[in-house]
Structure formats: C-alpha cells, structure tokens
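Here's the letter readout for the chains.
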Amino acid sequence: MKNQKGFVFIETIIVVAILITSLLYLYSTYISLSNSEKSRLLYDDVSYLYRTFYVKKYFSSQRLDRVIGNLSDDDASDNVNFLISFGCGNDDLFDDVSKEGGFCELMSQELHISNLYVTYSDLSRLQTCTNSTGLCSIFSRINSSLGTYLRTIGGKGEEGYRIIVEYREDGKGNGCKDEEHCKYYFSTLRVGSEL
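Conventions adopted
Residues numbered from 1 in each chain as written. Predicted model: local features only at pLDDT ≥ 70, side-chain atom pairs only at ≥ 80, totals over all residues. Heavy atoms only, no water. Pairing = 2+ DSSP bridges. Helix = DSSP H or I, 4+ residues; strand = E, 2+ residues; numbered from the N terminus. Axes fitted to C-alpha atoms, helices over the stretch in contact; angles between N-to-C directions. Expected span 1.5 Å × (residues − 1). Buried < 20%, exposed > 50% of the residue type's maximum accessible area, 1.4 Å probe, protein only. Arc of directions from axis to C-beta. Polar contact = N/O pair within 3.5 Å; in protein donor to acceptor, adjacent residues only side chain to side chain. Contact = heavy atoms within 4.5 Å. Patch = residues over 30% accessible without salt bridge, like charges linked within 9 Å, V, L, I, M, F, W, Y side chains within 5 Å. Areas by Shrake-Rupley, 256 points an atom, 1.4 Å probe, with all protein chains shown as cover. Salt bridge = Lys/Arg side-chain N within 4 Å of Asp/Glu carboxyl O. Phe/Tyr/Trp six-rings, centres within 6.5 Å; stacked < 30°, edge-to-face > 60°.

Read from one edge to the other, the open sheet built from four strands follows the order β1-β2-β3-β4, with strand pairing classed as antiparallel. Each edge of the open sheet is held by one strand with a lone partner, namely β1 (83-86) and β4 (183-192). Between one strand axis and the next, the sheet turns through 25 degrees on average, direction left out of account. Pairing geometry for strand β2 (residues 113-120) and strand β3 (residues 161-169), over seven bridges, is antiparallel. The partner of Tyr117 across the bridge, within β3, is Ile164.

Turning our eyes to something else, we now look at helix α2 (residues 46-61). For α2, with 16 residues, the first-to-last C-alpha span of 23 Å sits near the 22 Å given by 1.5 Å per residue. Turning to α2, its buried residues are Tyr48, Arg51, Thr52, Val55, Tyr58 and Phe59. Projected onto a plane normal to the axis of α2, the buried residues spread over an arc of 120 degrees and lie on a single side. Within α2, the exposed residues directed more than 90 degrees away from the buried face are Val46, Tyr50, Lys57 and Ser61.

As a further point, take the side chain of Ser124. Inspection of the secondary structure puts Ser124 in the loop between β2 and α5 (138-141). At a separation of 2.6 Å, a polar atom in the side chain of Ser124 contacts the side chain of Asp122. Those residues in contact with Ser124 that lie beyond four places of it in its chain are Gly154 and Lys156.

With that out of the way, let us pick up a nonpolar patch on the surface. Together, Phe9, Ile10, Ile13, Ile14 and Ile18 give the surface a local cluster of nonpolar side chains, amounting to about 510 Å² of exposed area. On the secondary structure map, Ile14 appears in helix α1 (residues 2-41).

This part takes up the packing of aromatic side chains. Per the counting criterion, the structure on display carries eleven aromatic pairs. Judged by centre distance (6.3 Å) and plane angle (50 degrees), the ring pair of Tyr43 and Phe186 falls under tilted. Taken together, the residues Tyr43 in the loop between α1 and α2 and Phe186 in strand β4 connect sequence positions 143 residues apart. Consider the rings of Tyr48 and Tyr185, whose centres lie 4.8 Å apart with planes at 15 degrees: the pair is stacked. Pair noted here: Tyr48 is in helix α2 and Tyr185 is in strand β4, with a separation of 137 residues, a long-range link. Here Tyr48 matches Tyr185 in class, with each residue buried.

Here's what the structure looks like:
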C-alpha cells in the first residue's frame, strides 16, 4: 500500500512538471507573437497605406522623376544613393515652391509626416547586408527604426521605384511634439518603372 502512495506522488509531480513546462512554452510563444504584432502595426498598417496613397498621388503629380533621377545603386561607387530623402522644400519637385510648397507643408502637418524617401522597388539586397560599405552603408546614415523597416520590405525582382513615408504620432493618432512619447510608423507604395 505504501508503494502505491509513493507512485501516485511521483506521478503527480511529473504531470505538474509537464504542465508547467507546457504553460511556460505557450506563454513565451504568446509574448513573441504579441511583440511581433505590435511591431507589425508600425509597418504598413491600412490607415497609413491609405494616407501614403494620397501622398504618392500628390508627389507623382509633381516632379518626383527629378528626385528619382538621383538614385544610384552601384556598389563599386563611393557615392551610393540607394535611398533619397525629399520633402516640401525640395526645389527639384516644385517649379513654384511658394504656391505648391504651402500645400505640401499643410499636408505634411495634417498627415503627421516626419520624412519622405524614394528608393528602388527591389530592396531584397538590403536584407543580406552585413558590412558597412557600398550599398550597406545606408544603415549608418538612417535611424534604426527605418533600417529595421527597410529590411522587412524585399520586393525581389520588381522593377520601378517606391515611396516610403515615415509618420510620427503619439500612438493615439495625434501628431506628437514630445520626442519621448513619439512612435514612428512606416508605409510604402510602388511608384512604377516610369513616371
């Protein structure tokens, strides 16, 4: 009789250990999924894609082809311009900066745009960057949030260009002035091979 009580006790300990191990595994998986979902919301969320569509449409009607003309992805060159930042004050975009620039500034404020970038559609080469020379030197010139986003895009084999918009908000949809409470949201759309 005593042997059976000992066996039940050991069996109970083993079952409890298996349950605890399973629960710890499920909890760590849940936390991992939760964190990846939080970061996914920062990238290409539907509301930001909607805004980016109108930003793309506006700048495509301007002289975005002039900015795109400055792109270069030659790894052998020291002057690699794989990602170009542009904005409302860019003289290459507007023939009459005073008229169009005013609307552009207003649009940027209303949509909480922090930065605008143009680059190639195919960003798959950036995903394998490990050194800091040539094309990979782009990561030393940009903030880490944008660098992380660029590594998620890909687009292997796609022709054309893309516009990337960086939005800065407080997490509640309001523009933010306090750098400590700001979050950066990113969205991108293809512009096309010809403008």
